[in-house]
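Here's the letter readout for the chains.
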Amino acid sequence: MDSDRISRPPPRRRAAASDPAEPVDVDARPGTTPAVPAADVPPQEFDLAGTAADEDEAQLPETIDDSAEPAAEGPLAIGRAAITAAVRLAPTSPGVYRMLNAGHDVLYVGKAKNVQKRLSSYARPTGHPIRIARMIALTVAVEIVSTATETEALLLEANLIKQLRPRFNVLLRDDKSFPYILITGDHWAPQIVKHRGAQTRPGRYFGPFASVGAVNRTITALQRAFLVRACTDSFFESRTRPCLLYQIKRCAGPCTQEIDFAGYRELVREATDFLSGRSRAVKELLAAEMEKASADLEFESAALYRDRLAALSAIQSQQGINPRTVEDADVFAIHQEGGYSCVEVFFFRTGQNWGNRAYFPRADRSIESSEVLGAFLAQFYDDKPPPRLVLLSHDIEDRALLAEALSAKAGVKVEVAVPQRGEKKDLVAHVLTNAREALGRKIADTATQARLLETMTAALKLPRVPARIEVYDNSHIQGTNAVGAMIVAGRDGFIKNQYRKFNIRSAELTPGDDYAMMREVLERRFKRLLAHAPGPAPATDADSGDDTPQWPDLVIIDGGLGQLNAAREIMAALGVDNVALISVAKGPDRDAGRETLFFPDRPSIKLEPRDPVLYFIQRLRDEAHRFVIGSHRKLRKKDIREAGLQEIPGIGPSRKRALLHYFGTLKEIERASLADLCKVPGISAEGARRIFDFFHAGPK
């Protein structure tokens, strides 16, 4: 495609608030000790404990009301002049245009079948809504990208909006990828696993599912119904006896030939058929086999078929509503209330409900429901495969164009419809009810959080109600794998996409020096903030395109007076004096409810054990601890796997070979219980204890 630049250099993206070289891991959590011997439990590629973080609804955005005041005539005339200059060079073909302000930030991204005609509408002197007038007044330049078709313009517009996050566009928030179920195709004994991300591994993908929890529950039920393995290939290849899942009838045991190749492939075919929508045929086949086994007096086999049928029924009973006439469809409904918008989406595949999720896009309160929904859909499908049918609660302006774009993306015809009668209309009504209830719950939760922040402000005598709270903690084991972490909370709760971890880099730091670690973390954090902006921004920094200001109003340190003094020194050295600072010291014997709060400029205090403000601070502190422990353990495991077993005192080449021969992989040695380590030939009880302690020692 051709690009015509007009009067300005390309816009600059705002710098991230933390070091981009350091990865962000918002789902890290401390490991748990298995309840059964680890050597007998296959490592599965899904989390049986569930993942609450993936099922959390998105946060409410800051309300944007650009219609409060009309733009002044002077700036409005300047903006019209800039747009008029762009009109003279604009093409009459389809394309995408970007409006820029004086700081080269993108204010708005739009598409048009005729770019020149669309820009001319902005250049007229009157007739604009107040929101559009304010956008024109801030515009100093326009950039244009020509496209071959209007469909291509729609797809490019959605991509640019997601990348640039312009202030005056409707913004899709909380856009995490959806999980799928994968039945692998690169092994003679296919495996059933959870998958998220690019679909590059050979096999059959089924989804999307609305949450990881829904995937985990479905996979567990499918294991009971079809006995398909979920263990990793390395675990599978190292087995000499069936694992525990075979004993509890959740796997057919292909690793040790408990089932022949043909029998296992038949189980995989049945699982594939069930996920592909042929569930009735699969259940009828199992019922027939159960009756046959019962007639032949093979009651143990009949009971196995009975249990498999019950597992399939459990899957379908968890689906909620299951439409009769809709096979594959996504159903969207939007509800607006109190200046907020909620878009609820339900996923139906193979005639089954595979879950739902609520989104709260950021949009000016003056934008109508249909316009918000249309902008949301284009961004939603920017990186997701569409089904053959998309049902909407409100008609949108570019419905035909969206259907054409989705058809081109999917390679099959995609219908985008607003049903008027029948079961499809009932489905949309059900989704709309869920959207209304989700928005009501979120508004109520946000109001509760706001009251709690106001109460905390009074209890701690803060200068203002904090819009952004940052909590810092460190973790290490005797100075090794030292890592610091920052978690962020705001008016709507935890802001997990802004969590950061800091690998401690200083070579001069004494191992285990918590104060020096805290100084390094805070110095790196606030130096980057100072490079980006000289001081704390207002709590409603609408021009940033972000829902929460990057400068914190309150910093909480996990530690006592020493950690607080270290933080105060570094912030004073950097000239940061407009951020409230406190530290939270654990009570005697680390008892929750007896914490001491330290302040840099006044005596410490203790809150009452049942004070809701104390509960809130404990929750912030515990979340920071959870995140930093997870980050530390990931770093430590990486080092262990890179170094192998040589780092364990007293483990030489012969014992290393014995361990690997017995367990197969280093990961399985790490998972092994003390009793299993003692069973390895050549490993004494004391050696087994050293190995176990090496892998399971808890960090600071």
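1. Let's talk about the environment of Ile556
Item 1. When you line up the elements, Ile556 lands in strand 17 (residues 554–558).
Item 2. Residue class for Ile556 comes out buried when judged on its relative accessible area of 2%.
Item 3. C-alpha of Ile556 to C-alpha of Ile617: the two residues are 61 residues apart in sequence and 8.8 Å apart in space.
Item 4. Ignoring any residue separated from it by four or fewer positions in sequence, one finds Ile556 in contact with Ile469, Glu470, Val471, Tyr472, Ile582, Val584 and Leu620.

2. Some details on the sheet that holds strand 7 (residues 203–206)
Note on sheets: strands pair through backbone hydrogen bonds, and any given pair is parallel or antiparallel.
Item 1. Read from one edge of the open sheet, three strands run 6-5-7, paired in antiparallel fashion. Across the chains shown, the open sheet's two edge strands, defined by having one partner strand only, are strand 6 (192–195) and strand 7. Within this sheet the neighbouring strands show an average axis-to-axis angle of 30°, counted without direction.
Item 2. In terms of strand pairing, strand 5 (residues 180–184) meets strand 7 through four bridges, oriented antiparallel. What sits directly across from Ile183, in strand 7, is Arg204.
Item 3. Relative to strand 6, helix 6 (residues 212–226) is tilted by about 175°, and along the sheet it contacts strand 5 and strand 6.
Item 4. Relative to strand 5, helix 9 (residues 261–275) is tilted by about 150°, and along the sheet it contacts strand 5 and strand 7.

3. Re the pattern of salt bridges
Item 1. All told, the structure shown has 20 salt bridges when counted by the stated rule.
Item 2. Among the salt bridges present, the one from Arg269 reaches Glu266, with a minimum N-O distance of 2.4 Å. Taken together, the residues span about one helical turn, with Arg269 and Glu266 both in helix 9 at a distance of three residues.
Item 3. Since its relative accessible area comes to 37%, Arg269 is described here as partly exposed.
Item 4. Across the pair Arg399 and Asp395 runs a salt bridge, and its minimum N-O distance is 2.6 Å.

4. Description of the sheet that holds strand 10 (residues 352–359)
Item 1. One open sheet holds the five strands; their spatial order is 10-9-8-11-12, and the pairing between them is mixed. In this open sheet, the two edge strands, each paired with only one partner strand, are strand 10 and strand 12 (415–417). Sheet twist, expressed as the average angle between the axes of neighbouring strands with direction ignored, equals 15°.
Item 2. Where strand 8 (residues 329–337) lies against strand 11 (residues 389–392), three bridges are found, and the strand directions are parallel. Opposite Asp330, over in strand 11, you have Val390 as the bridge partner.
Item 3. Strands in contact with helix 12 (residues 369–380) are strand 8, strand 9 (340–349), strand 10 and strand 11; relative to strand 8, the strand with the most contacts, it is inclined by about 140°.

5. Considering the nonpolar core
Item 1. Among the nonpolar cores identified, the biggest contains 33 residues, and Ile181, Ile192 and Phe226 are the most heavily contacted of them.
Item 2. Those elements giving two or more residues to this core turn out to be strand 5, helix 6, helix 7 (233–238), helix 9 and helix 10 (279–295).
Item 3. Apart from the residues within four sequence positions on either side, Ile181 is in contact with Ile192, Val193, Arg204, Tyr205, Phe206, Phe209, Val215, Thr218, Ile219, Leu222 and Leu275.
Item 4. Residues Val170, Val345, Leu402 and Val414 belong to the second largest nonpolar core, which totals 31 residues.

6. Considerations on the state of the cysteines
Item 1. Summed over all chains, the structure comprises zero disulfides.
Item 2. Of all cysteine sulfurs, the one in Cys251 lies closest to Cys243, which takes part in no disulfide; the gap is 5.7 Å.
Item 3. By relative accessible area, Cys243 is classed as buried at 6%.

7. Here we look at helix 14 (residues 422–460)
Item 1. A rise of 1.5 Å per residue sets the reference length of helix 14, with its 39 residues, at 57 Å; its end C-alpha atoms lie 57 Å apart and thus fit the reference within 8%.
Item 2. In the segment just after helix 14, Lys461 is the residue with positive phi, at about 55°.

8. A closer look at the confidence of the model for the protein chain
The predicted structure's coordinates, where accompanied by low pLDDT, should not be read in detail.
Item 1. Residues of the protein chain with pLDDT of at least 70 account for 75%, and the chain-wide mean is 76.
Item 2. Within the protein chain, helix 1 (residues 52–55) has the poorest average pLDDT of any element, 38, and strand 11 the best, 92.
Item 3. Every residue in residues 45–57 is under pLDDT 50, and counting partners more than four places away or in other chains gives 43 contacts.
Item 4. The low-confidence segment residues 538–548 (pLDDT under 50) makes 24 contacts with residues lying over four places distant or belonging to another chain.

Definitions and limits used
- Counting restarts for each chain, with residues numbered from 1 along the sequence as it is written.
- Since the coordinates come from a predicted model, pLDDT governs what is reported: local features require at least 70, and pairs of side-chain atoms require 80 or more to be given and counted, while whole-chain, interface and lining totals use all residues.
- Excluded from the side-chain calculation are hydrogens and water; included are all heavy atoms of the structure.
- Strands here are runs of E lasting at least two residues and helices are runs of H or I lasting at least four, both read from the DSSP assignment and numbered beginning at the N terminus.
- Three exposure classes are used, based on accessible area relative to the maximum for each residue type with a 1.4 Å probe and protein chains only: buried under 20%, partly exposed in between, and exposed over 50%.
- We call two residues in contact whenever any of their non-hydrogen atoms come within 4.5 Å of each other.
- Note: two strands are recorded as paired if DSSP finds a minimum of 2 bridges between them.
- Axis geometry follows a simple rule: fit a line to the C-alpha atoms, using only the stretch in contact for helices, then measure angles between N-to-C directions, giving values from 0 to 180 degrees.
- One side-chain nitrogen of Lys or Arg within 4 Å of one carboxyl oxygen of Asp or Glu is enough to make a salt bridge.
- Definition of nonpolar core: a set of buried residues of the types Ala, Val, Leu, Ile, Met, Phe, Trp, Tyr and Cys, connected through side-chain atoms within 4.5 Å.
- The disulfide definition used here is simple: a pair of cysteine sulfur atoms within 2.5 Å.
- The span expected for a helix works out to 1.5 Å for each residue beyond the first.
- Scored between 0 and 100, pLDDT is the confidence that the predictor attaches to each residue.

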